[in-house]
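Inside the fold
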Amino acid sequence: MQKLLANDEYVQSRVKELNSAIASNQEKSKSYLSAITRADKYYSATNYNKAMSEYKYAGMLKPAEEYPRKKIAEIQAKLSPLKQTPLDSLQLVTKDIIPEKAAEESLPDISKTYNTESDAATVVSKTASKTKTSLKKEDIEVSAKSEPKKQQPAIQKSEEIKIAEKLPAKETQPLNTAKKESEPVKTGPSASDIEYSKAIAFADQSYTEGNLSKALNGYKAALRYKSNDKYANEKIEKINSDLKDQENNLNSYKNLIANADKALQQKSYNEALGFYEKAIAVSPDQKYPGQQISMVKTLIGKQNAVEEKYRSIIETSDNSFQQKNFSQARKGYESALQIKPNEAYPKQKIAELNSLQDQASRNLDLYKETIADADAAYAKKDNATAIRLYTRANELFPKEVYPKQRLAAIKSGEEQLASRQAQYSQTIQSADMAAENKEYQQALKEYKSALALVPGDEYAKDRIAGVTSKLEELKVRQAEYTKKITAAEKAYAIKDYPTAIDQFSAASDLSPDNNYPKERMAAIQEIMSEEKEQLESRFTQFVMNADAAFDAGKYEESLNSYKSALKLKPSDNYSTKKVTELSSLLKNRATEIKAAYELAIKEGDEAYKAMKYEVAVTAFTKALEVKPGEVYPGQMIARIRKLLIENSIVDVMEEAFLLKDDAERKFSFKPIMVNQRRENYLLVRARATGTAQPKLYLNYGSNGLKNGGIVLKNLGHDFPSDLVINISSQDKWFREDNNWLSVYSENGDIEISAIRISVAPGNR
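Residues numbered from 1 in each chain as written. Predicted model: local features only at pLDDT ≥ 70, side-chain atom pairs only at ≥ 80, totals over all residues. Heavy atoms only, no water.

Bringing the confidence of the model for the protein chain into the picture now. Scored by pLDDT, the protein chain comes out at a mean of 79, with 82% of its residues at no less than 70. Considering only residues more than four positions removed or in separate chains, one finds that residues 1–6, a stretch of pLDDT under 50, has 9 contacts. Confidence drops under a pLDDT of 50 for residues 82–187, and excluding neighbours within four residues, the segment shows 131 contacts in the predicted structure. (pLDDT = per-residue confidence, 0-100. Contact = heavy atoms within 4.5 Å.)

Set out below in structure tokens:
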């Protein structure tokens, strides 16, 4: 159903989303190929760090691709921690977590020697500050996801080395080499204590800034100096727990979003809404769930509106069914099916109605036969048989009055029959009096009562028909009266007093007893007498307007203006002459239009009879251009299209699509058998979506060769154009085994709903 609803907001929203997703996928593919190309060049040049970064970026773009993961594994094998120097490990981890340029800016030169502890502390502080700005939470998450778990210990070890190497060179030296015996022993805190304090300070600052990954590595670096330090171990445990919670939240968010999207695709809107609301509760910073919640609520509103409308129609129809108003019930159930075509209940009720209708039809036939036999028995004064048959007829149709009357007449005798006749006569007399007094509604009621007393009474039926006709006439007269009054008031509003008087006069003729038109005419005549001196000016203006319209070729407008001038001055010779001239001109134009229309219809009919459908469609289209409001040419175009659709042998495309400007789509099909190629037609249904008038190039061919084509112009904008082309008139269509067809748009976008290959009836 939604497919048919081309202007539905939900459908348009989903189409935009799909187009955006397609564009995004195309852009990702380009970025992926560029990243792989750069990575391969770095790999060939043995610049493994840059190659690793590019392969990981490519893997993020297309997680399902095997090649980036394979190359990353190869590089990791080459750069195994067992083979790396501390400096190598530092560079690898830095480039895995921080973009290359940011990493270079965030780490100090490890070969630089600092003279004081304050210099080293300043570097650590600046480095932490730079890292805060360059290292994003999303980068850490991507790195954590893209690295296999078995590689994490090596990375963490490298981070520990990185932190150690960021400390001043003269103070990190004791970690790697023993003191020379010749150096004097320093007093105060040991080198290990100093390094431990700096690592803890670095880790605490990173933790405060929310950079859990750097804080974790800092605390682990501190453990190198105090392996059993309770504070560092507790912080490491807390960070691991926080990271696990983040991962669990991320996984929970992804699962909720996946379930929500699946429920939305299945149109389980309430279920989808619940999942999206849970997702936004898990990750409030994400925009996607909020956007989807807004869309789903709109869809739920529409769905509820449809459901409420369907429920209301079903309830009304059920009431009609219970009250045995079967005609109204059937209309309701059919309306419900238009809203929800797959619902079984309205189909079931319609089937019940059909069964009841069939039974009622059979009962009616039996009733008529029984009444005829009963009447025959009654005429023969065989009362026993007549009573039995009238009783049977009454059982078939309990609401029918006639069998009851007959039974009553038989049982009550002539006296009761005479009383009924007296009541009938009194009712007829009352109805006749009401009709004479023009109380038609009351008269109709009385005549119907009389007919109920004596069913089949011809006088009552004739009078009911007459009164009903009179009521319809009055209804029409009232509508015409209202129309005249409205026209008169509009003319009065624009001070077209002659027209207003004419319309009020016509209204008065339609309702002589109504004083309103007479009062309005008297008021207008008084105004006209007061404005008599302005008549000449208004007359001149009408003539000037008429002359201008005539010069502009607006003949009907000119004629009306001259007629308005004549209403002010009926004896004006110039206006009279121009009215006569224009009336003749318009009459001749009408004759020409009629002749052109009839010629086009004749050509269309002859072409249709000769099964030259393309010529017929062209002729009927021309007839519509001559007389846009005519029904017949449109009916014939629809009939030809329906005929060719019924004789369709190939549906070239499966569903409608939008052909963008300067874009081409190609479709394949099995070659048409030779005996069916002689009378082939192409049926194309297309619409220009923009303001420009595009051209649609339709080409065909066999395998890699183009054998021919056509150009379609003048496509409709508001409604699709149904184009019929006799393609078999092209020699290569008939002689070649064409197996493909393509469409190309020039100068605008085109919506294509259908492309079919049909064969003329009798040539299948």
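It is worth spelling out unusual backbone geometry at this point. Of note, K495 is a non-glycine position whose phi angle comes to about 65 degrees, a positive value. Mapped onto the elements of the fold, K495 is located in the loop between helix 20 (458–493) and helix 21 (497–510). Judged by relative accessible area, which is 47%, K495 ranks as partly exposed. One non-glycine residue, N747, lies in the positive phi region at around 75 degrees. In this fold, N747 is placed in the loop between strand 8 (740–746) and strand 9 (750–759). (Helix = DSSP H or I, 4+ residues; strand = E, 2+ residues; numbered from the N terminus. Buried < 20%, exposed > 50% of the residue type's maximum accessible area, 1.4 Å probe, protein only.)

Another point: the packing of helix 12 (residues 230–265) against helix 14 (residues 288–322). It is the contact of helix 12 with helix 14, at a shortest axis distance of 12 Å, that shows an interaxial angle of 25 degrees. Taken together, helix 12 and helix 14 sit at an angle that is classed as roughly parallel. Considering only the axes of helix 12 and helix 14, their crossing is left-handed. Note on element contacts: helix 14 touches helix 12 through Y288, P289, Q292, M295, V296 and L299, opposite Y253, I257, D261 and L264. Residue classes in the contact of helix 12 with helix 14 are distributed as 8 nonpolar, 1 polar and 1 charged. (Axes fitted to C-alpha atoms, helices over the stretch in contact; angles between N-to-C directions. Parallel < 35°, antiparallel > 145°, perpendicular 65-115°, else oblique. Left-handed = near helix turned anticlockwise from the far one by under 90°. Nonpolar A, V, L, I, M, F, W, Y, C, P; charged D, E, K, R; others polar.)

What follows covers the nonpolar core. Here is a general trend for soluble globular proteins: nonpolar side chains tend to be buried in one another's company. Among the nonpolar cores identified, the biggest contains 28 residues, and L682, V684, L696, L741, V743, I752 and I757 are the most heavily contacted of them. For this core, the elements supplying multiple residues, two or more each, are strand 2 (657–659), strand 4 (680–688), strand 5 (695–702), strand 6 (705–712), strand 7 (721–725), strand 8 and strand 9. What V743 contacts, discounting residues up to four positions off in sequence, is F657, L659, A663, E664, R665, F667, L696, Y697, L698, I752 and I755. Grouped together as the second largest cluster of nonpolar side chains are 18 residues, Y597, I601, A623 and L644 included. (Core = buried A, V, L, I, M, F, W, Y, C linked by side-chain atoms within 4.5 Å.)

So, on to the packing of aromatic side chains. By the definition in use, this model includes 18 aromatic pairs. Seen in terms of ring centroids, Y608 and Y613 are 6.0 Å apart; in terms of plane orientation they differ by 65 degrees. Their pairing is edge-to-face. A relative accessible area of 3% places Y613 in the buried class. Taken together, the aromatic side chains of Y608, Y613 and Y681 make up a single cluster linked through ring pairs. Geometry around Y310 places K340 over its ring, the cationic atom sitting 4.7 Å from the centre. Above the plane of the ring of Y492 lies R520, whose end atom (NZ or CZ) is 4.5 Å from the centre. (Phe/Tyr/Trp six-rings, centres within 6.5 Å; stacked < 30°, edge-to-face > 60°. Lys NZ or Arg CZ within 6 Å of the ring centre and 35° of its normal.)

Before going further, it helps to spend a moment on the pattern of salt bridges. For the structure on display, the rule yields 26 salt bridges. Here E473 makes a salt bridge to K470, at a shortest N to O gap of 4.0 Å. Taken together, the residues span about one helical turn, with E473 and K470 both in helix 20 at a distance of 3 residues. Overall, K470 belongs to the partly exposed group, its relative accessible area being 30%. In this structure, the salt-bridge partner of D722 is R685, at a minimum N-O distance of 2.5 Å. Of this pair, D722 sits in strand 7 while R685 is found in strand 4, placing the two residues 37 residues apart along the sequence. On the basis of relative accessible area, D722 is assigned to the partly exposed category, the value being 27%. Each of E307, K340 and E343 takes part in one network of salt bridges that share partners. (Salt bridge = Lys/Arg side-chain N within 4 Å of Asp/Glu carboxyl O.)

Let us now look at the environment of A523. Within the secondary structure layout, A523 lies in helix 22 (residues 516–530). Accessibility expressed as a relative area gives 30% for A523, which makes it partly exposed. Counting along the chain gives 22 residues from A523 to I501, while the straight-line C-alpha distance between them is 9.9 Å.

Here we come to the pairing of strand 6. Note: strand 5 against strand 6, 7 bridges, orientation antiparallel. Bridge assignment links G701 to a residue of strand 6, and that residue is K706. Here strand 5 folds back onto strand 6 in antiparallel fashion, the turn holding 2 residues, of which N703 has a positive phi close to 55 degrees. (Pairing = 2+ DSSP bridges.)

This part is about helix 11 (residues 212–223). The first and last C-alpha atoms of helix 11 sit 17 Å apart over 12 residues, in line with the 16 Å expected at 1.5 Å per residue. Counted residue by residue, helix 11 has 12 buried out of 12 residues, so it is predominantly covered. (Expected span 1.5 Å × (residues − 1).)

Taken in spatial order, the 4 strands make up an open sheet running 3-8-5-6, and their pairing is antiparallel. One side of each edge strand has no neighbouring strand; the edge strands of this open sheet are strand 3 (664–668) and strand 6. Within this sheet the neighbouring strands show an average axis-to-axis angle of 20 degrees, counted without direction. Two strands pair when backbone bridges link them, and strand 5 and strand 8 are joined in this way by 7 bridges, in the antiparallel orientation.

The end-to-end C-alpha distance of helix 14 is 50 Å, a good match for the 51 Å that 35 residues give at a rise of 1.5 Å each. Positive phi shows up at K324, right after helix 14, with a value of about 65 degrees.

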